[in-house]
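Geometric and topological summary
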Amino acid sequence: MTDVEGGGKMDETGHSTLDIRDDPFAPRDGKTLTWKNIQMTLAAKGEEPERKLLQDVWGEVPQKETTAIMGPSGAGKTSLLNINLLRLILAAKGEEPERKLLQDVWGEVPQKETTAIMGPSGAGKTSLLNILAGRAASRGRLHISADIRLNNYEVDPTRLDVRRQIAFVAQDDSLQVTATPREAIRFSAKLRLARATTDSQLDKLTERMLEELGLTKCADTIVGGALIKGISGGE
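Here is what the cut-offs are and how they apply
Residues numbered from 1 in each chain as written. Predicted model: local features only at pLDDT ≥ 70, side-chain atom pairs only at ≥ 80, totals over all residues. Heavy atoms only, no water. Buried < 20%, exposed > 50% of the residue type's maximum accessible area, 1.4 Å probe, protein only. Helix = DSSP H or I, 4+ residues; strand = E, 2+ residues; numbered from the N terminus. Pairing = 2+ DSSP bridges. Phe/Tyr/Trp six-rings, centres within 6.5 Å; stacked < 30°, edge-to-face > 60°. Lys NZ or Arg CZ within 6 Å of the ring centre and 35° of its normal. Core = buried A, V, L, I, M, F, W, Y, C linked by side-chain atoms within 4.5 Å. Contact = heavy atoms within 4.5 Å. Polar contact = N/O pair within 3.5 Å; in protein donor to acceptor, adjacent residues only side chain to side chain.

Within strand 4 (residues 33-42), eight of the ten residues are buried, which leaves it mostly tucked inside the rest of the structure. Looking at chain direction, strand 4 and strand 7 (residues 99-109) are connected through seven bridges and run antiparallel. Paired with W35 across the strands is G107, a residue of strand 7. Relative to strand 8 (residues 142-150), strand 4 is paired through eight bridges, and the arrangement is antiparallel. Its bridge partner lying in strand 8, T34 is registered against R149.

Once that is clear, we can look at the packing of aromatic side chains. Enumeration according to the criterion identifies zero aromatic pairs in this entry. Against the face of F168 rests R135, its NZ or CZ located 4.2 Å from the ring centre.

Let's shift gears to the nonpolar core. Ranked by internal contacts, the top residues of the largest apolar core, which has 17 residues, are W35, I38, L102, L128 and I131. Those elements giving two or more residues to this core turn out to be strand 4, strand 7, helix 2 (125-132) and strand 8. If you tally residues by element for this core, the top one is strand 4, at five residues. Not counting chain neighbours up to four residues away, the residues in contact with L128 comprise W35, I38, L102, V105 and I117.

Following the sequence through the fold, D147 ends up in strand 8. Of the polar contacts made by the side chain of D147, one reaches the side chain of R149; its length is 3.1 Å.

See the structure below:
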């Protein structure tokens, strides 16, 4: 095994292999992931006051005459033409209270073990995974606070080096319908791996991924979608 440019290795057959850091199938010791005090809150939305769109409007179109209804944009000209009662009011919208999407959530995924996060629809499983994987952060009305640790060291899951260690596959993935599994996997690898990763390494990883997922037979069939026939739903 010899070193090659880009951080990979060259095996006895002359083919480049991925560095262990970039090879998803390489054996790893793993780390224990723990989380506690996770809070996810959607702040209250202020009350929207009553809006008077038209009020005490009057006018006249004399017989056999043309009358122009004039006014700036948003003055209510179209609303006037669409109704008979010349008093149009948009009722007040009540205040939307604060919503606690997650509250005091805690858990642990021990090293080298598989852990299931279970709960009914709407319980917050995906929201929790989004926080752990660094896909969600405080923004606008959404406030998130959490104590997340790897091997008992506190980490920020939104940092790139941490996101490389914590990830999940969404229930519904977005795939280009005209791409094949081989193209989709290689494209994803090209975006995710280091720029120094060679084409040979990408090809090797793509082939291994197709084998592990049992997609070798349909590797060159388009994914397809609602309007284009492609591989099966399971595939």
